[in-house]
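# Structure at a glance
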Amino acid sequence: MRTLKFLLRKEFRQIFRNKSLLPVIFVMPIIQLLIMPLAADYEVKNINISIVDHDHSPYSQKLISKIIASGYFRLSDYSNSFNQAFEQIEKDNSDLVLEIPKDFERNLIRENTQQLYIAVNAINGTKANLGGAYLNRLIQDYNADIRTEWIQPQRYNASPTIQIASSNWFNTYLNYSFFMVPGILAFLVTMVGAYMCSLNIVKEKEVGTIEQINVTPIKKHHFILGKLIPFWVIGMFVFSVGLFGVGRLVYGIVPIGSMGSLYAFLSLYLIALLGLGLLISTYSDTQQQAMSIAFFFMMIFLLMSGLFTSIDSMPEWAKVIAQLNPVTYFIEVMRMVVLKGSGFSDIKYHFLIICGFAIFFNGWAILNYKKTS
Amino acid sequence: MKQFLTFVRKEFYHVFRDSKTMLMLFGLPIAQITLFGFALTNEIKDSKIVICDYAKDEASQQITYKLAASNNFSIEESLLSHQQIEEAFKAGKIKLAVVFPVNFTYDLLHLNTAQVQLIADAADPNTGSTLTTYATSIIRDYQQDVLQSKSLPLSITTEIRMLYNPELKGVTNFVPGVMALVLMLVCVLMTSVSIVKEKEMGTMEVLLVSPFNPFLVILSKAVPYFALSLINLSVILLLSVFLLDMPINGSVVLLFAESSLLIVTSLALGLLISNSTASQQTAMLLSLMGLLVPTMLFTGFMFPLENMPMPLQVIANLVPAKWYYIIVKSIMIKGLGFSSIWKETLILVGMTTFLLVVSFKKFKIRLG
């Protein structure tokens, strides 16, 4: 116990002495948490539209002003021909072209039907799809307006209509940062924990000070505990600052679930994560190697964690990878507890799985760590 | 010249000797292309939904079948009451609940109006609102069927064409982004770390006191990473053409020329970082946190740039990868020539010159 106390004192001193590392541990995550949710906004808005109006009639004008007034679209230009508008798409000045053919108004009224042409820049498939759908909906609305202008409305519903009432639970105002902040915080804690832990041990290897520790009577588990506990504390601290400082004060996110189960999960998760860092460090001899391995896994963990894209949409083999990724579970738990108020019974399987990860990573790392080479 | 080649060979040895670093150099691009190509998509497929059907009659059954048939949804279970919906949401997996009231068909056919309730788990606002839109359009389709498509007067129809990417695949957007990311990663991170490592180990001193020109020492460090980046680039392009069926519509030569430009920019950045830091840890964290995260955020391949607040859009202009991303998209996907990307190229050239000048100014041939 006394040995451990001395080791811990040494580690904390080394961490707090390093003036270039401290801001990276404490300030970087906070800055990223402030910037990333602002940047990570998938909501499709501000779609730039080029309009080619061959008709120049009151009806086409009305349609155009309806589209611009909707707020989804930003008029980039009026072009005289489709080719001119297409150039705007090539230059990335506009995302969408609406072409109103000649005699739009006349044909609509005389022949009862008229077609409009829409061309969408589909390099970003999601945006194209939604942009097209929004525009279509606006045109249908406009169409309904025109119909009521020309046709006497009937007293009662002549045709069967289904009314759809939709409601959004847990995030009524569809605030995207509510969704992103807990996930990003989970990932930042993961980054700081895994990197710092693996680099710290490898540095002792590279500089040679680990030899000095190895020749002392310090036990293997003392050394490992001495390395893990400081980063566990730092992880807890960064998380709390992120959740209560940034999340609560800046984004106004009030966790509605039980803090007890969230912190219980976090402490288990950090043990698993630091085990992973330890494991990486036992396999590498230089900091460059440790960084390469850690970065490789972190990148895959990040992409496969469901932070940015939904896991449900992945093919089966990718779902398996996502399930082997500890970050997935932490992000899920964060979102469930913070946003939906899920209780312990809802996340008990997550607890079991993360326990498994903790035992697996730490067990493997301890087996692989040798005092003598 | 012979001396220079010897130095370049030394650097190659350093790189190839370390199998774990090679994993990152070559494994990462391949893993990223595979994941982005096959696993990651912004589309919403197979979302789990629950049906709470109080009516259990013809119309509600038919709508349920229609929802089940769509590949956006997979129906998890049928619930008996409203209370169960909240439990299902809290347990995690369910994204949308559809509620049919009693007498649904009867109301629809006799009163000509009936209500359906859609409850979305808007903890993820995008998925929530997209699923609501999908379900709404499926129910509208059903309504059209009931109406037996009586043609309405004065109808405006629309014809939508999807340019460049008619199947709306996600990869078209991702591949140019991954290219930018990998080139930045390999060049900036690896160069800076490998130079700082020599400083930290003390071997830099040995090199500097040798009769060899110190600038060539640095240059010989950059050559292997330049070569490796070109190999990486070819691998990415081959994978995306043959594995992901992504065509290269423009000129391959131009693509390589522009990529070489970005590689030089990144090498200059790596040089600058290594000249300003003394320890590997700092160099790494600076490159990782200070460069990679901005590269991912501000190129615009993961998140639309135009949604960001103004200050961030201004910052994004300082990220070289943003301009490269525009260039690659124009060449690969739109098939445009040099005349339409000269502005972006000029910006990259300007950045490179600036970085090179600053880092050579900061480069000291004396230590300490």
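Residue numbers run consecutively from 1 along every chain, following the written order of its sequence. Whichever chain is written first becomes A and whichever ligand is written first becomes 1, with later ones labelled in order. Local features in this predicted model are restricted to residues whose pLDDT is 70 or higher, and side-chain atom pairs enter the listing and the counts only when it is 80 or higher, whereas totals over whole chains, interfaces and linings include all residues.

For the rest of this paragraph, the subject is the overall build of chain B. In DSSP terms, a helix is any run of H or I states spanning at least four residues, a strand is any run of E spanning at least two, and both are numbered starting from the N terminus. Helices and strands together make up the secondary structure of chain B, namely 14 helices and 5 strands. In summary, chain B has a C-alpha radius of gyration of 28 Å against a globular reference of 21 Å for 368 residues, an excess of more than 25%. Counting only C-alpha atoms and orienting by the principal axes, one finds that chain B spans roughly 100 × 45 × 40 Å. The burial label depends on the number of other C-beta atoms within 10 Å of a residue's C-beta. Counts of 20 or more mean buried, 12 or fewer mean exposed, and intermediate counts mean partly exposed, with C-beta atoms placed from the backbone. For chain B, the proportion of its 368 residues judged to be buried stands at 42%. Within chain B, contacts between residues at least 6 apart in sequence are counted, and of these 80% link residues at least 24 apart. Based on C-alpha atoms, the radius of gyration is set beside the globule rule, defined as 2.2 Å times the residue count to the power 0.38. With C-beta atoms placed from the backbone, a contact is any residue pair whose C-beta atoms sit within 7 Å.

A few words on the overall build of chain A. Helices and strands together make up the secondary structure of chain A, namely 14 helices and 5 strands. Since a compact globule built from 373 residues should have a radius of gyration of about 21 Å, the 29 Å found for chain A marks it as more spread out than a globular shape. Taken over 373 residues, chain A has a buried fraction of 42%. When contacts within chain A are restricted to residue pairs at least 6 apart in sequence, those whose partners lie at least 24 apart make up 79%.

It is worth spelling out the interface of chain B and chain A at this point. Facing the 93 residues of chain B at the interface are 94 residues of chain A. Counting residues per element, the side of chain B that touches chain A draws most heavily on helix 6 (residues 125-147) of chain B, which supplies 11 residues. In the sheet, strand 4 (residues 113-121) of chain A pairs with strand 5 (residues 155-163) of chain B via 9 bridges, with the strands oriented parallel. Its bridge partner being in strand 5 of chain B, Tyr117(A) is matched across the sheet by Glu159(B). What makes two strands pair is DSSP finding at least two bridges between them.

Bringing the pairing of strand 2 (residues 73-79) of chain B into the picture now. By the bridge criterion, 6 bridges tie strand 1 (residues 47-53) of chain B to strand 2 of chain B in an arrangement that is parallel. Opposite Lys48(B), over in strand 2 of chain B, you have Ser74(B) as the bridge partner.

All right, on to the environment of Leu292(B) then. All names here are of chain B. Residue placement: leucine 292 occurs in helix 11 (residues 280-298). For leucine 292, a count of 18 C-beta atoms within 10 Å gives the class partly exposed. With residues near it in sequence (within four places) discarded, leucine 292 still touches Leu185 and Ser287.

In this section: the sheet that holds strand 1 of chain B. Reading across from one edge, 5(A)-4(B)-3(B)-1(B)-2(B) is the order of the 5 strands in this open sheet, with mixed pairing throughout. Lying at the two open borders of the sheet, with one neighbouring strand each, are strand 5 (161-169) of chain A together with strand 2 of chain B. Adjacent strand axes in the sheet meet at a mean angle of 25 degrees when their direction is disregarded. Angles run from 0 to 180 degrees between N-to-C directions of axes, and those axes are lines fitted to C-alpha atoms, restricted for helices to the stretch in contact. This element, helix 5 (residues 104-111) of chain B, spans strand 5 of chain A together with strand 3 (96-100) and strand 4 (113-121) of chain B of the sheet and lies at about 135 degrees to strand 4 of chain B.

Moving on, we get to the domain arrangement of chain B. An automatic or database domain assignment supplies the residue ranges for each domain. Domain boundaries in chain B define domain 1 (2-40 + 169-362) and domain 2 (47-147). In this structure, domain 1 of chain B and domain 2 of chain B have C-alpha centres spaced 49 Å apart.

A word on the sheet that holds strand 1 (residues 47-53) of chain A. A sheet is described by the order of its strands in space; here 5 strands give the open sequence 2(A)-1(A)-3(A)-4(A)-5(B), paired in mixed fashion. Only two strands of the sheet have a single neighbouring strand rather than two, namely strand 2 (73-79) of chain A together with strand 5 of chain B. Looking at each pair of strands side by side, their axes are set apart by 25 degrees on average, direction ignored. One ladder, built from 6 bridges, connects strand 1 of chain A with strand 2 of chain A; its direction is parallel. Opposite Ser50(A), over in strand 2 of chain A, you have Asp77(A) as the bridge partner. In the packing of helix 3 (residues 58-69) of chain A onto the sheet, the strands contacted are strand 1, strand 2 and strand 3 (96-100) of chain A, and the crossing angle to strand 1 of chain A comes to about 175 degrees.

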